[in-house]
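Fold and geometry: a report
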Amino acid sequence: MIKQDECIKFSVIIPVYNVELYLNNCLDSVLNQDIEKDQYEIILIDDGSTDGSAKICKKYKSQYKNIIFISQENRGVSAARNRGLMEAKGKYIVFIDSDDYIKVNVLSKLYDKMEKYELDVLAVNSAMHEKKGDLLSFHKAGRFKEKEIITGIDYINMYGYNVSVCVWSYIYRHSFLVQNNIKFVENLFHEDCVWTTYWFPNCRKIGYFNVDFYHRVLSSGSIMRRKNLKKCFDLVTVAELIYEHAEKYKMKESIAIYNALHKYVGFIIWSALRSCVQQGYDIRVLMNKDEIRRCVLKYGKLNKKYWSLFLLIKLKAYRLSEFMIKIIIRMKPIEDIKD
């Protein structure tokens, strides 16, 4: 782990992969901030881009001394983020996807908030935009309150696991991540879901800043919007990882966390089935794998809301299951994981 430098307030970690149409806007937003360039670093990790993304990164690096450029073979966004964490020297960590952007002239306010309350994590708002810039929606990171400082455990006791799982919904104290050995699971879609369950219960101080910090762009090239059956399989893997992680909270004093994470596991299994149907695949392609079927039936029991769906799957009534999922999607079109 690279030694942190207290003179560097932020390490902004940006994985880059085939985003030449959006990268300039992303980098300009990070460079147009209200703190001096030598007070924050921008770590660009090119993850084997095959377009002009690497060339853009090199151009910006030649112009700005606070930009660090790293090139690696394609290993996925989690590996790129982990590499960024290894190199980071800043007191606080910001994650940005390279086809998105952040609000200009806001980093000093985030820094002041983190310092004033000695926060481990600061939750911020995000907005969703069309490629042309039109605003689609606005999101809070959870049920946080502006002047409330809360622990992860107390939050779960009050609200359950009702939080944004997106990594960019929060600003992190670097030392908090190091002390708790928080890293991303690599080679996995929906890695943010696991990441959040690792750090959230361990957090001593979470604050909230009511600012539209993060701006997400619905780019056609986003890896999360491409049809890929691995997304469905990986959601089942995510559910299993979180279920195993929840076991450490099984003791009586942490039963609320245990129950909340179990409920989330049930929701993720539902999301795997939903994703399969939405992408046009038959559920049978998931169930044909014995290990996947075992996990779906085991963890599906945790989803009390759709118990009848999992009963149909247990009976191998897959066509009827797909029909039921399509009906639920029509009734609740926006219900899905936030990753």
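Preceding block: the structure.
Overview of the structure. (Residues numbered from 1 in each chain as written. Predicted model: local features only at pLDDT ≥ 70, side-chain atom pairs only at ≥ 80, totals over all residues. Heavy atoms only, no water.)

Quick word on a nonpolar patch on the surface
A grouping of Leu320, Phe323, Ile327 and Met331 is seen on the molecular surface, where their side chains present a nonpolar patch of about 410 Å² in accessible area. Following the sequence through the fold, Phe323 ends up in helix 13 (residues 318–331). (Patch = residues over 30% accessible without salt bridge, like charges linked within 9 Å, V, L, I, M, F, W, Y side chains within 5 Å. Areas by Shrake-Rupley, 256 points an atom, 1.4 Å probe, with all protein chains shown as cover. Salt bridge = Lys/Arg side-chain N within 4 Å of Asp/Glu carboxyl O. Helix = DSSP H or I, 4+ residues; strand = E, 2+ residues; numbered from the N terminus.)

Brief notes about helix 2 (residues 53–63)
Restricting attention to buried positions, one finds in helix 2 the residues Ser53, Ala54, Ile56, Cys57 and Tyr60. Viewed end-on, helix 2 has its buried residues packed into an arc of 160 degrees, placing them on one side of the element. With respect to the buried face of helix 2, the exposed residues turned more than 90 degrees away are Lys55, Lys58, Ser62 and Gln63. Where the residues of helix 2 are buried, they touch strand 1 (10–16), helix 1 (23–31), strand 2 (40–47) and strand 3 (67–72). (Buried < 20%, exposed > 50% of the residue type's maximum accessible area, 1.4 Å probe, protein only. Arc of directions from axis to C-beta. Contact = heavy atoms within 4.5 Å.)

Quick look at the environment of Leu110
Here Leu110 shows up in helix 4 (residues 107–117). Once the C-alpha coordinates of Leu110 and Val211 are considered, the two residues, 101 residues apart in sequence, prove to be 9.4 Å apart. Setting aside residues up to four positions removed in sequence, Leu110 forms contacts with Phe10, Leu122, Val124, Ile171, Phe209, Val211 and Phe213.

A few points about the side chain of Lys113
Examined against the element boundaries, Lys113 turns out to sit in helix 4. Those residues in contact with Lys113, other than ones at most four positions away along the chain, are Leu119, Leu122, Glu146 and Tyr208.

Observations regarding the packing of helix 9 (residues 255–278) against helix 13
Where helix 9 meets helix 13, the closest approach of the two axes is 10 Å, and the angle between their N-to-C directions is 95 degrees. On the basis of the axis angle, helix 9 is roughly perpendicular to helix 13. Two secondary-structure elements touch here, helix 9 through Trp270, Leu273, Arg274, Val277 and Gln278 and helix 13 through Glu322, Ile325, Lys326, Ile328 and Ile329. Residues that form the contact of helix 9 with helix 13 fall into these classes: six nonpolar, one polar and three charged. (Axes fitted to C-alpha atoms, helices over the stretch in contact; angles between N-to-C directions. Parallel < 35°, antiparallel > 145°, perpendicular 65-115°, else oblique. Nonpolar A, V, L, I, M, F, W, Y, C, P; charged D, E, K, R; others polar.)

A short note on the packing of helix 1 against helix 2
At a minimum axis separation of 10 Å, helix 1 and helix 2 run at an interaxial angle of 25 degrees. As judged from the angle between their axes, helix 1 and helix 2 are roughly parallel. Remark: the crossing between helix 1 and helix 2 carries right-handed chirality. Contacts from Leu23, Asn24, Leu27, Asp28 and Leu31 of helix 1 reach helix 2 at Ser53, Ile56, Cys57, Lys59 and Tyr60. (Left-handed = near helix turned anticlockwise from the far one by under 90°.)

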